[in-house]
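# Observations on chain architecture
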Amino acid sequence: MSLRLSFLRAMAAKAAPKPSVGRRAPKPQQQQAAPAPSVQPPPPSPTAYDAGAGGAGGGAAQGGGGGFGYNLLMIFGSIFGTILAFRLVSMLFGPRQIRVIHKDEHGNVISR
């Protein structure tokens, strides 16, 4: 069997070209004219909400943070999702069963 494997390896080595492991040859640089610059469109005009008429503290709320209430909703939502995930796993795998074997000082099993 080992003779057959070595014969097959020798045949495969002859058939496949040896991979080059050295440094790659540098590609010749092509001399091309620089492309014409494209015209940039003008920036979008600010809306009334972006300009500050959207409410008090418009500058602070521009990041889209959401505020304290949003953070509380996210915290309670993630806790609720974690509880639902634990319930789903316990429904899939069944209730946890723990067996405790009571033994006396001599190693005898105490039945309950």
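Residues numbered from 1 in each chain as written. Predicted model: local features only at pLDDT ≥ 70, side-chain atom pairs only at ≥ 80, totals over all residues. Heavy atoms only, no water.

### Considering the overall build of the protein chain
The following threshold applies: Only DSSP runs of H or I covering at least 4 residues are called helices, and only runs of E covering at least 2 are called strands; the numbering of each starts at the N terminus. Here's how the labels work: a residue is buried when its accessible area is under 20% of the maximum for its type, exposed when over 50%, partly exposed in between, all with a 1.4 Å probe on protein chains only. Exposure was quantified through the Shrake-Rupley algorithm and a 1.4 Å probe, taking into account, for residues, occlusion by the shown protein chains and nothing else.
Scanning the protein chain from N- to C-terminus turns up three helices and two strands. Taken over 112 residues, the protein chain has a buried fraction of 0%. Carbon together with sulfur atoms contributes 63% to the accessible area of the protein chain, which is approximately 11700 Å² in total.

### Some remarks on helix H3 (residues 68–93)
The criterion, for reference: Residue count minus one, scaled by 1.5 Å, sets the expected span of a helix.
For H3, with 26 residues, the first-to-last C-alpha span of 38 Å sits near the 38 Å given by 1.5 Å per residue. Glycine 94 sits one or two residues past H3 and shows a positive phi near 85°.

### What about the confidence of the model for the protein chain?
For clarity, the cut-off: Confidence per residue, as judged by the predictor, is encoded in pLDDT with a range of 0 to 100.
Of all residues in the protein chain, 71% attain a pLDDT of 70 or more, and the chain-wide mean is 77. Mean pLDDT across the secondary structure elements of the protein chain bottoms out at helix H2 (residues 49–53), with 59, and peaks at H3, with 94.

### Here we look at a nonpolar patch on the surface
Condition: Like charges within 9 Å and nonpolar side chains (Val, Leu, Ile, Met, Phe, Trp, Tyr) within 5 Å are joined into patches, using only residues over 30% in relative accessible area that form no salt bridge. Whenever Lys or Arg places a side-chain nitrogen within 4 Å of a carboxyl oxygen from Asp or Glu, that contact is recorded as a salt bridge.
A contiguous nonpolar surface patch, about 620 Å² in accessible area, is contributed by Phe68, Leu72, Ile75, Phe76, Ile79 and Ile83. Looking at the element boundaries, phenylalanine 76 is found in helix H3.

### Re the environment of valine 109
This is how it is decided: The criterion used for residue contact is that any of the two residues' heavy atoms lie within 4.5 Å.
Position of valine 109 among the secondary structure elements: in strand E2 (residues 109–110). Non-local contacts of valine 109, meaning those with residues more than four positions away in its chain, are made with Ile101, His102 and Lys103.

### Side note on the environment of lysine 103
With respect to the secondary-structure elements, lysine 103 resides in strand E1 (residues 102–103). Setting aside chain neighbours within four positions, we find lysine 103 in contact with Asn108, Val109 and Ile110.

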